[in-house]
Amino acid sequence: QVNSTYFSALGCDDDQYLIARLIQFLVPGIPQVYYAGMLAARNDVELLEQTGVGRDINRPYFTENQIAADMDRPVVRHLMNMARFRNTHPAFGGEFHLGTGTDRELHLGWTSGSASIEARINLETRTFVIDDTQGDTHRTITEWVDF
C-alpha cells in the first residue's frame with residue numbers, strides 16, 4: 001500500500017500527473033479515479049498527524065469551498081475533460097492495440113468501426129499526439145485544452 005495521493009506521488013507536477021492519467025485512461029479496463037485523485041489532491045499531512053493512521057494521508061476531507069476552488073484548477077478541468085473523452089468516445093468499446101514506439105514513446109490505440117484513437121505519448125517530454133477519428137470527422141489532440 002502506498003500512503004500518498006497519486007498527485008503527490010508524482011511531485012505535484014500537473015503535466016506529469018496528467019500524462020500518467022492519460023496513460024491510465026488509454027489502456028484497457030475501467031479507470032479508477034477516486035475523489036482525491038479527481039481533485040488532484042496533495043497529501044494531507046495534517047490529517048495524518050491528527051489521526052496517526054497512514055492511509056489518512058490520501059483521504060483528505062474537503063469543504064464545499066475547497067471543492068469549488070479545486071474545480072477551477074486547470075489540472076482538474078483537464079482531468080475531467082479526459083474522463084469525459086474516455087467515457088464517451090466510441091472507439092473505447094472496440095479493440096485495443098499497443099503500437100511499437102521507442103524507449104521514450106508509448107503508442108496506444110483503439111478501434112471500433114469507423115471510430116479510432118491513435119495516441120503517441122512521449123514519456124520524456126511529457127507531450128502527446130492523439131489522432132481522434134469518428135466517422136468522417138478527424139481531429140488531432142496535442143494540448144490538454146483540446147479534450
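Right above here is the structure, for reference.
My aim in this report is to walk through the structure given alongside it, one point at a time. (Residues numbered from 1 in each chain as written. Predicted model: local features only at pLDDT ≥ 70, side-chain atom pairs only at ≥ 80, totals over all residues. Heavy atoms only, no water.)

As for helix H2 (residues 14-26)
Between the first and last C-alpha of H2 there are 18 Å, a value that for 13 residues agrees with the 18 Å anticipated at 1.5 Å per step. When we look at burial in H2, the residues that qualify are Tyr17, Leu18, Ile19, Ala20, Arg21, Leu22, Gln24, Phe25 and Leu26. The backbone nitrogen of Asp15 has a side-chain oxygen 3.0 Å away, supplied by the residue at the start of H2, namely Asp13. (Helix = DSSP H or I, 4+ residues; strand = E, 2+ residues; numbered from the N terminus. Expected span 1.5 Å × (residues − 1). Buried < 20%, exposed > 50% of the residue type's maximum accessible area, 1.4 Å probe, protein only. Polar contact = N/O pair within 3.5 Å; in protein donor to acceptor, adjacent residues only side chain to side chain.)

Examining the layout of surface pockets
As a volume, the largest pocket reaches approximately 320 Å³. Looking at the lining of the largest pocket, the element that brings in the most residues is helix H3 (residues 35-38), giving 3 residues. Looking at side-chain class alone, the lining of the largest pocket contains 6 nonpolar, 6 polar and 3 charged residues. For the lining of the second largest pocket, a count of residues per class yields 6 nonpolar, 1 polar and 4 charged. (1 Å grid on protein atoms, 1.4 Å probe; cavity = no way out; pocket = protein on both sides within 12 Å on 5 of 7 lines; lining within 4 Å. Points joined across faces, edges and corners; volume = space filled by probe spheres on them. Nonpolar A, V, L, I, M, F, W, Y, C, P; charged D, E, K, R; others polar.)

As for helix H6 (residues 74-88)
Compared with the 21 Å implied by 1.5 Å per residue over 15 residues, the 21 Å span of H6 between its first and last C-alpha is a close match. Among the residues of H6, Val75, Val76, His78, Leu79, Met82, Ala83, Phe85 and Arg86 are the ones counted as buried.

Examining the environment of Gly101
Take Gly101: it is sitting in the loop between strand S1 (95-98) and strand S2 (105-112). With 19 residues separating them in the primary sequence, Gly101 and Arg120 have C-alpha atoms 8.0 Å apart.

Here we look at the environment of Pro31
Mapped onto the elements of the fold, Pro31 is located in the loop between H2 and H3. Pro31 sits 55 residues away from Arg86 along the chain, and the two C-alpha atoms are 9.0 Å apart. Ignoring anything within four residues of it in the chain, the contact list for Pro31 reads Gln24, Phe25 and Arg86. (Contact = heavy atoms within 4.5 Å.)

Points about the pairing of strand S5 (residues 137-141)
It is a general feature of regular strands that their side chains alternate between the two faces of the sheet. The pairing of strand S4 (residues 127-134) with S5 spans 5 bridges and is classified as antiparallel. In the strand pairing of S5, Asp132 is matched with Arg139. A loop of 2 residues connects S4 with S5, the two strands running antiparallel in sequence, and Gly135 in this loop sits at a positive phi of about 65°. (Pairing = 2+ DSSP bridges.)

What to know about the side chain of His89
As for its position among the elements, His89 is in the loop between H6 and S1. Reaching out from His89, the side chain makes a polar contact with the side chain of Asp132 at a distance of 2.5 Å. Contact partners of His89, with chain neighbours within four places excluded, come to Ala115, Ser116, Ile117, Asp132, Thr133 and Gln134.

A closer look at the sheet that holds S4
Spatial strand order, S1-S2-S3-S4-S5: 5 strands in an open sheet with antiparallel pairing. Every other strand in the sheet has two partners, leaving S1 and S5 as the edge strands with one partner each. The sheet shows a mean angle of 10° between the axes of neighbouring strands, direction not considered. Sheet analysis places strand S3 (residues 115-122) next to S4, joined by 8 bridges and oriented antiparallel. Within S4, the position partnered with Asn122 by the bridge is Thr127. Contacts from H2 reach S1, S2, S3 and S4, with the element oriented near 145° to S3. (Axes fitted to C-alpha atoms, helices over the stretch in contact; angles between N-to-C directions.)

Some thoughts on the pairing of S3
Of all 8 residues in S3, 6 are buried, a share of seventy percent or more. Where S2 lies against S3, 8 bridges are found, and the strand directions are antiparallel. Residue Leu108 lies in a different strand from S3, and its bridge partner there is Ala119. Two successive antiparallel strands, S2 and S3, enclose a turn made up of 2 residues, where Gly113 displays a positive phi of approximately 60°. Hairpin connection, S3 to S4: the antiparallel pair is bridged by 4 residues, and Arg126 has positive phi, about 55°.

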